[in-house]
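Next come the chains, spelled out residue by residue.
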Amino acid sequence: MTQFEYDKLMNTLARALRTQRRFIELLRSGPLSDGKTAYLVKFRGFYRYCVTLRGYDFVELARSI
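Residues numbered from 1 in each chain as written. Predicted model: local features only at pLDDT ≥ 70, side-chain atom pairs only at ≥ 80, totals over all residues. Heavy atoms only, no water.

### As for unusual backbone geometry
Part 1: In the Ramachandran plot, arginine 18 falls in the positive-phi region, its phi being about 55° despite a non-glycine side chain.
Part 2: Note that arginine 18 resides in the loop between helix 1 (3–17) and strand 1 (24–31).
Part 3: Given a relative accessible area of 79%, arginine 18 falls into the exposed group.
Part 4: Here aspartate 34, not a glycine, exhibits a phi torsion of approximately 60°, which is positive.
Part 5: By the element assignment, aspartate 34 lies in the loop between strand 1 and strand 2 (36–43). (Helix = DSSP H or I, 4+ residues; strand = E, 2+ residues; numbered from the N terminus. Buried < 20%, exposed > 50% of the residue type's maximum accessible area, 1.4 Å probe, protein only.)

Written out as structure tokens, the structure reads:
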């Protein structure tokens with residue numbers, strides 16, 4: 001992944017969580033079916049969210065416990 005792709009991904013994840021990029025941290029990612037990818041994101045150091053994207057298009061957001 002290039003720096004440009006990483007920046008675009010982090011901006012997309014921040015937009016999905018409706019926050020600024022400096023408040024999120026990417027923990028891990030994993031492929032799903034139909035070309036989707038699930039990203040586990042830490043928000044403000046406490047809350048964890050699972051963000052599902054297809055390419056750079058937002059599909060689903062779920063809070064992880």
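### A closer look at the nonpolar core
Part 1: Leu13, Ile24, Tyr39, Val41, Val51 and Leu53 are the most contacted members of the largest nonpolar core, which totals 13 residues.
Part 2: Per element, the largest residue contribution to this core is 6 residues, and it comes from helix 1.
Part 3: Once residues within four sequence positions are removed from consideration, isoleucine 24 is found in contact with Met10, Leu13, Ala14, Leu17, Thr19, Val41, Lys42 and Phe43. (Core = buried A, V, L, I, M, F, W, Y, C linked by side-chain atoms within 4.5 Å. Contact = heavy atoms within 4.5 Å.)

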